[in-house]
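Topology and contacts: notes
So you can see what is in the structure, the chains are spelled out below.
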Amino acid sequence: MTFNITVEREARVKNDKTYFTYFISANIRGKDVRISVMPPDTGGYRVLDIVFGNQNEATLVVTPFEIKDESTGKVVRGNTYSVQSVDEDGEIYECPIKPSRPSDKTLLNMIIK
């Protein structure tokens, strides 16, 4: 499921090395918020560099999931997230991401509902 939500990246320099932070800017009930996202592991930052290429924006992709515990019958529902871009040849590049903190997860849930 693709929303019109953009994931942005911003360069930061520390000890003469450039690092990127990844975030979603949104306005919720009149308040501007910045939702921090990150790859699921540290190796994912290299993948994000490939997905973003020379751009500082990519598209958020939301994939709903549902897992049923057979022993209890309880159903757990949620979403997984990834960031996606398409190059000039139509090649799709995608990397899983997750909210950086529980508060970022809460804010992300507010903007995708």
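Below is a short write-up of the structure. (Residues numbered from 1 in each chain as written. Predicted model: local features only at pLDDT ≥ 70, side-chain atom pairs only at ≥ 80, totals over all residues. Heavy atoms only, no water.)

**Things to note about unusual backbone geometry**
Phi angles above zero are rare outside glycine, and Asp16 is one such case at about 65°. With respect to the helices and strands, the residue Asp16 is situated in the loop between β1 (2–14) and β2 (17–28). Here the phi dihedral of Arg29 falls at roughly 50°; this positive angle occurs in a residue that is not glycine. If you trace the backbone, Arg29 turns up in the loop between β2 and β3 (31–38). (Helix = DSSP H or I, 4+ residues; strand = E, 2+ residues; numbered from the N terminus.)

**Some remarks on the side chain of Arg9**
Among the structural elements, Arg9 can be located in strand β1. Take Arg9: its relative accessible area is 9%, and that puts it in the buried class. Side-chain polar atoms of Arg9 contact the backbone oxygen of Gln55, separated by 3.2 Å. Setting aside its immediate chain neighbours within four residues, Arg9 contacts Phe20, Thr21, Tyr22, Phe23, Asp49, Phe52, Gly53, Asn54, Gln55 and Asn56. (Buried < 20%, exposed > 50% of the residue type's maximum accessible area, 1.4 Å probe, protein only. Polar contact = N/O pair within 3.5 Å; in protein donor to acceptor, adjacent residues only side chain to side chain. Contact = heavy atoms within 4.5 Å.)

**Regarding the pairing of strand β6 (residues 92–99)**
Two strands pair when backbone bridges link them, and β3 and β6 are joined in this way by two bridges, in the antiparallel orientation. Bridge assignment links Met38 to a residue of β6, and that residue is Lys98. Across six bridges, strand β5 (residues 75–86) lies against β6 in antiparallel orientation. Each residue of the ladder has a partner; that of Gln84, found in β6, is Glu94. (Pairing = 2+ DSSP bridges.)

**Considerations on the environment of Glu57**
Considering the arrangement of structural elements, one finds Glu57 in strand β4 (residues 57–68). Each C-alpha atom of the pair Glu57 and Ile24 lies 9.6 Å from the other, and the pair is 33 residues apart in sequence.

**Some details on the nonpolar core**
Ranked by size, the top nonpolar core spans 21 residues in total, and within it Val7, Ile24, Leu60, Val83 and Ile97 carry the most contacts. Counting only elements with at least two residues in this core, the list comes to β1, β2, β3, α1 (44–52), β4, β5, β6 and α2 (102–112). Of the residues forming this core, the biggest block, four residues, is contributed by β2. Once you skip the residues sitting within four places of it in the chain, Val7 turns out to touch Tyr22, Phe23, Ile24, Val37, Phe52, Asn56, Glu57, Ala58, Leu60, Val83 and Ile97. (Core = buried A, V, L, I, M, F, W, Y, C linked by side-chain atoms within 4.5 Å.)

**Overview of α1**
Of all the positions in α1, only Gly44, Leu48, Val51 and Phe52 are classed as buried. What you see down the axis of α1 is that its buried residues fit within an arc of 90°, all on one side. Those residues of α1 that are exposed and angled more than 90 degrees off the buried face are Arg46 and Ile50. Gly53 lies just past α1 and shows a positive phi near 55°. (Arc of directions from axis to C-beta.)

**Structural notes on the pattern of salt bridges**
Summed over the entire model, instances satisfying the criterion amount to five salt bridges. The partner of Arg9 in a salt bridge is Asp49, and the shortest N-O contact between them spans 3.5 Å. Here Arg9 is found in strand β1, whereas its partner Asp49 is found in helix α1, with 40 residues between them in sequence. A relative accessible area of 35% means that Asp49 is categorised as partly exposed. Notably, a salt bridge pairs Arg34 with Glu10, separated by 2.9 Å at the nearest N-O pair. Here Arg34, found in strand β3, pairs with Glu10, found in strand β1; they are 24 residues apart in sequence, far enough to count as distant. Exposure remark for Arg34: the relative accessible area of 39% places this residue in the partly exposed category. By sharing partners, the salt bridges in this structure join Glu10, Arg12 and Arg34 into a single network. (Salt bridge = Lys/Arg side-chain N within 4 Å of Asp/Glu carboxyl O.)

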